[in-house]
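Chain residues, written in single-letter form:
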Amino acid sequence: MSRVPDEGMVLIPGGSLITKTPEEGRALALTLARHTIHNIQPDLDVLKGGRTTYSTAPESLMHAAQVVALEFQTIAAANGYWRD
């Protein structure tokens, strides 16, 4: 089995959801979504094998976007929506 590297298995990179800007928060949301998928499916061969199917299916892409949006919502709340 070809396994996701350990750095791809960390659920919260840096150990915090706090970011300086919404842009950094969005980038963290994308990273969290990827790391979640890696933890669910750590076998790189299986993970990459499914890409040809889901990468061209509009509903799969919309579901992936929903996951990122939920991650971003959590990060935004943790950051007080970047308001003082």
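Up top is the structure these notes are about.
Definitions and cut-offs
Residue numbers run consecutively from 1 along every chain, following the written order of its sequence. Restriction of local features to residues with pLDDT of at least 70 applies here, the model being predicted, together with a cutoff of 80 or more for giving and counting side-chain atom pairs; totals for whole chains, interfaces and linings are based on all residues. The side-chain values count all of the structure's non-hydrogen atoms but skip hydrogen atoms and water molecules. To qualify as a helix, a DSSP run of H or I must reach at least 4 residues; to qualify as a strand, a run of E must reach at least 2; elements of each kind are numbered from the N terminus. In a helix, the anticipated span is given by 1.5 Å times the number of residues less one. Only protein chains enter the accessibility calculation, which uses a 1.4 Å probe; a residue whose area is less than 20% of its type maximum is buried, one above 50% is exposed, and one in between is partly exposed. The contact definition used throughout considers only heavy atoms, calling two residues in contact when any of these lie within 4.5 Å. What makes a nonpolar core is a set of buried Ala, Val, Leu, Ile, Met, Phe, Trp, Tyr and Cys residues whose side-chain atoms join them at distances within 4.5 Å.

## Section: helix α1 (residues 22-40)
Here's step 1: With 19 residues, α1 should reach 27 Å at 1.5 Å per residue; the first-to-last C-alpha distance of 27 Å fits that figure.
Here's step 2: If you check which residues of α1 are buried, you get Gly25, Leu28, Ala29, Thr31, Leu32, Ala33, His35 and His38.

## Side note on the side chain of histidine 38
Here's step 1: The residue histidine 38 is located in helix α1 in this model.
Here's step 2: By relative accessible area, histidine 38 is classed as buried at 17%.
Here's step 3: Beyond its immediate stretch of four places on either side in the chain, histidine 38 contacts Val4, Gly8, Met9 and Leu47.

## Regarding the side chain of histidine 35
Here's step 1: Tracing the chain through its elements places histidine 35 in helix α1.
Here's step 2: Residue contacts for histidine 35: discarding those within four places in its chain leaves Glu7, Gly8, Met9, Val10, Leu11 and Pro13.

## A closer look at the nonpolar core
Here's step 1: One finds Leu28, Ala29, Leu32, Ala33, Val68 and Ile75 forming the largest nonpolar core, which totals six residues.
Here's step 2: Broken down by secondary-structure element, the contributors of at least two residues to this core are α1 and α4 (58-78).
Here's step 3: Here leucine 28 is in contact with Pro13, Ser16, Leu17, Thr19 and Ile75, once residues within four sequence places are set aside.

## Quick word on the environment of arginine 3
Here's step 1: Turning to its location among the elements, arginine 3 is positioned in the segment before α1.
Here's step 2: By relative accessible area, arginine 3 is classed as partly exposed at 44%.
Here's step 3: With 38 residues separating them in the primary sequence, arginine 3 and glutamine 41 have C-alpha atoms 9.1 Å apart.

Shape descriptors only; they carry no functional weight alone.
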